[in-house]
Amino acid sequence: MGIVRIHILPKGAFWLVFLLWNTIEAQIRYTIPEELKEGSIVGNIAKDLGLEAFEMSVRKLRIASEADKQYFSVDLGKGELVVTERIDRESLCGQSASCLLPLQVVIEDPLQLYRVEVEVQDINDNGPVFLSTERVLNIAESTATGARFPLTGAKDPDVGSNSLSSYKLNQNDLFVLNVKTSRDGTKIPELVLQKALDREKQAVHQLVLTALDGGSPARSGTTDVTVQVVDINDNAPIFEKSLYESSLRENSPESTVVIIVKAADADDGANGVVQYSFAEQTPDFIHEMFSIDSETGQITVTGSLDYEESHTYELNIRATDKAVASLEGHCSVQIDVLDVNDNAPEIVLTSLPNPVKEDAPLGTVVALIGAKDLDSVGNGKVRVSLLGTYPFKLKTSFADNYAIVTDSKLDREELSEYKLKIIASDSGSPPLTSQKDVIVRVLDVNDNPPIFSQLSYTVYVRENNAAGSIMCSVSATDPDIGENAKISYSILDCTVQDVSVSSYIYINSDNGSIYSMHSFDYETLKVFQIQVQAKDHGSPSLSSNTTVHVFILDQNDNVPAVIYPSAVMGSVSHQKMPRSAKAGHLATKVSAVDADSGHNALISYRLTEATDSSLFSVSLYTGEVRTKRAVSEQDDSSQRLLIEIKDNGDPVQSTTVTVNILLEDGLQEPISEYRQKTAEPSRRNSKITFYLIISLASVSVLSLLTFVILVVKCVRNSRSSSSCCIRRADSDGYKNPNRNLQIQLNTDGPIKYVEVLGGDMLSQSQSFRSYLSPMSEFSDFTLVKPSSTTDFKEIINVIDASLPDSTWTFESQQTNSPDPTHSGLDD
Ligand SMILES: *[C@@H]1O[C@H](CO)[C@@H](O)[C@H](O)[C@H]1NC(C)=O
Ligand SMILES: *[C@@H]1O[C@H](CO)[C@@H](O)[C@H](O)[C@H]1NC(C)=O
């Protein structure tokens, strides 16, 4: 049986058809490529069947297909088998290697059946096709090299050499392609990791896998392979700086931001989320002072910063990621605390202040002080000064140390304690200050003598005072304190009438009360002076003196003494007068003296008994006994008169004298004027007043003269000794206490007389006798010139002493120069 193989070339070259003649049953096979166009000639079936062209239509040749579709038809005219429909080998035959389309050719008359096979040959009309155009691979970055990742292969419906033959991977560093062939012959491409993945370097890699078939020209298909590198925590957080530096003021309030640290973690997700914290073993004080925000890395102040406590802080910060096995990074933060002038300077007493003596020399150290300030250099520079004016100053000894020293003279009596205000200020801006009071006590030094309350004292003591009675008190004060102010009084010894004054006077040394030690007699001692000294108990002690003038006041302790008529011859005195005497005849004169003075010595005379009370009268003040009428023949020749003599004291002291007057014939009347006087009593009185004025003037002139002489003397002597006058006066007074000059001015009622007594006290009675002549016509007023030079001061003293009631003051207009004598008088 012959087989005709007809190869039909695509260009339909008939001459390539080999006709193999066989029986009717002989098979005819045509080979055509797939995908021929409609009308393409497969072969000349008539010829191959050995039929004439005309026979075909005559014999009704037709094709019966075994398949559903009729892909072929016969051109009856030409006898050619032509393609009527597109033939897709892949849909007809799939992957089978040969693809035959059987055809039955039926010819009638006679009926003949021929079998024709059309082999459809594959052409490379399909490329390899991947099921999906993109493939995503997740590969952990830690994956070891050499790991394989199978990919889905591509399909190519073509067969044979036109089917899938190879894979190709685009050029890359990481993967190579390996194609393995499975048991059924399919090729499986797989990626082989060549190099370690680093997500941080490149998280996604894009690959392109190309599948190629074996056709010519080859067809290809591609798919994208996306390799996503899966992160693993292979990166620790890393701080931007290993050392951060920041500074802030020490008084920064809480929650002040110090600095923000930042760490980065290259990892992804939780592996790359950074948390901040203080490093382990961070001391507690840092935790108290600062806090760090775990999310943001912001460091804030939580405590109160104090430069003086710590100038700098070093914080170790840790950053960790949130991975399960977290990694950490570290950095340190250096925080410098800046000084703020928040500390006031402090004044320190290096030594307690010493009490200082008031006579301490300038520059005596009283106390040592120091100053300090906790702040640093600028803010801590301290200036110390005294606030106010004191007799002290500050002396710098060495850095910030001062001595308080005396700067001027101190006087405890003025101020015994100083409160020194010391102020310290630093040089901050604004400066802070502080103040301290230092109390310095001033110690007493005995620099003040006691001072008497009066320059001099005047005491009046009645005569016949009780012995031991208190006379007066002197007192002195001393501004010092303690023993320096404790005063003892004493009487400086001197003599009064040749007797030590201490026998007259006693002084209570504690309180200055002065006592008389025996009673005084005015008639023997009228005035004396004592020197009292007040002495403090300081060491050395200081003293001062004062003079106490003691004036004895007269008491009416003396009875008037009758001087004339003298009672020497008996109690009765006999006087003679002529019978021819007219009225107003001065029969006699009774004279009496009273040792007292003043009122007590003012004597009055009164006729108390008379033989004939109509004949005689007694002048009240003069004691003159005169006839009231002419004597008559009837009058007794012996007239007895009892005259009472009284003084003006209280109580009155009186005495009496009896005068016998004998009336005799033949006696002549001696002085005639008396009659006139009797006749003109007013004229007589005015005459007496006139004489009195002259006498007073004389006394004044005398006193003035004496005074002027004394002053002149004094001025001369004062060139050598300034206080000669008073000293001379004093010493004279003590040396000659008996020498005395007395001026008595009776001021009780109309001025009756002025007595000036002089000379020794002891010769007083003589003086009296000399001026109390019964014959003196002007005995109403008697002036006795001082017998010797008597100091004027004494005169004045005596005048003063005589007038305790100060009814009369002596005024001197003599001197303009300050005269100690004068000032002494004014006391
Ligand atoms: C002084 O002391 C005496 C005795 O103690 C006393 O009698 C007298 O009154 C005192 N004098 C003064 C002034 O206190
Ligand atoms: C007080 O008097 C005495 C004796 O006369 C004398 O020594 C002394 O210096 C006087 N004192 C004063 C302070 O005058």
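Structure: above.
Below or above, wherever it landed, is the structure these notes cover. (Residues numbered from 1 in each chain as written. Chains lettered and ligands numbered in written order. Predicted model: local features only at pLDDT ≥ 70, side-chain atom pairs only at ≥ 80, totals over all residues. Heavy atoms only, no water.)

**Focus: the pattern of salt bridges**
Part 1 of the reasoning: Scanning the model with the defined rule gives 21 salt bridges in all.
Part 2 of the reasoning: With a closest N to O distance of 3.8 Å, Arg 318 and Glu 328 form a salt bridge. In this pair, Arg 318 is assigned in strand β25 (residues 312-321) and Glu 328 in strand β26 (residues 328-338), connecting sequence segments 10 residues apart.
Part 3 of the reasoning: Note that Asp 444 and Arg 412 form a salt bridge whose closest N and O atoms lie 2.9 Å from each other. One end of the pair, Asp 444, is in the loop between β34 (433-443) and β35 (451-452); the other, Arg 412, is in the loop between β32 (401-406) and β33 (417-426), and 32 residues separate them in sequence.
Part 4 of the reasoning: Here the salt bridges do not stand alone but share partners, grouping Arg 89, Glu 90 and Asp 122 into one network. (Salt bridge = Lys/Arg side-chain N within 4 Å of Asp/Glu carboxyl O. Helix = DSSP H or I, 4+ residues; strand = E, 2+ residues; numbered from the N terminus.)

**Some details on a negative patch on the surface**
Part 1 of the reasoning: Among the surface-exposed residues, Asp 359, Asp 411, Glu 414 and Asp 447 lie close enough to one another that they form a single negatively charged patch.
Part 2 of the reasoning: With respect to the helices, strands and loops of the structure, Asp 447 is situated in the loop between β34 and β35.
Part 3 of the reasoning: For Asp 447, a relative accessible area of 37% corresponds to the partly exposed category. (Patch = residues over 30% accessible without salt bridge, like charges linked within 9 Å, V, L, I, M, F, W, Y side chains within 5 Å. Areas by Shrake-Rupley, 256 points an atom, 1.4 Å probe, with all protein chains shown as cover. Lys, Arg positive; Asp, Glu negative; His and termini not counted. Charge placed at Lys NZ, Arg CZ, Asp CG, Glu CD. Buried < 20%, exposed > 50% of the residue type's maximum accessible area, 1.4 Å probe, protein only.)

**Examining the site of ligand 2**
Part 1 of the reasoning: Around ligand 2, a shell composed of Leu 492, Gln 533, Ser 543, Ser 544 and Asn 545 is seen.
Part 2 of the reasoning: Asn 545 places a polar side-chain atom, nitrogen or oxygen, 2.2 Å from an oxygen atom of ligand 2.
Part 3 of the reasoning: Contact with the protein chains removes 35% of the 360 Å² of surface that ligand 2 exposes when unbound.
Part 4 of the reasoning: At three residues, strand β45 (residues 543-553) tops the list of elements feeding residues into the shell around ligand 2.
Part 5 of the reasoning: Tallied by class, residues from the shell around ligand 2 come to one nonpolar, four polar and no charged. (Near = heavy atom within 4 Å. Polar contact = N/O pair within 3.5 Å; in protein donor to acceptor, adjacent residues only side chain to side chain. Nonpolar A, V, L, I, M, F, W, Y, C, P; charged D, E, K, R; others polar.)

**So, the site of ligand 1**
Part 1 of the reasoning: Around ligand 1 sit Ser 473, Asn 508, Asn 511, Ser 513 and Tyr 515, and that is every residue in its neighbourhood.
Part 2 of the reasoning: Measuring from an oxygen atom of ligand 1, one finds a side-chain N or O atom of Asn 511 at 2.3 Å.
Part 3 of the reasoning: Between a nitrogen atom of ligand 1 and a side-chain N or O atom of Ser 513, the distance comes to 2.6 Å.
Part 4 of the reasoning: Residue classes in the shell around ligand 1 are distributed as one nonpolar, four polar and no charged.

**Side note on the state of the cysteines**
Part 1 of the reasoning: All chains considered together, the criterion is met by one disulfide.
Part 2 of the reasoning: Covalently, Cys 93 is tied to Cys 99 through a disulfide, its sulfur atoms 1.5 Å apart. Judged by the sign of its S-S torsion, about 55 degrees, the cystine formed by Cys 93 and Cys 99 is right-handed. For the pair Cys 93 and Cys 99, one class covers both residues: buried. (Disulfide = S-S within 2.5 Å.)

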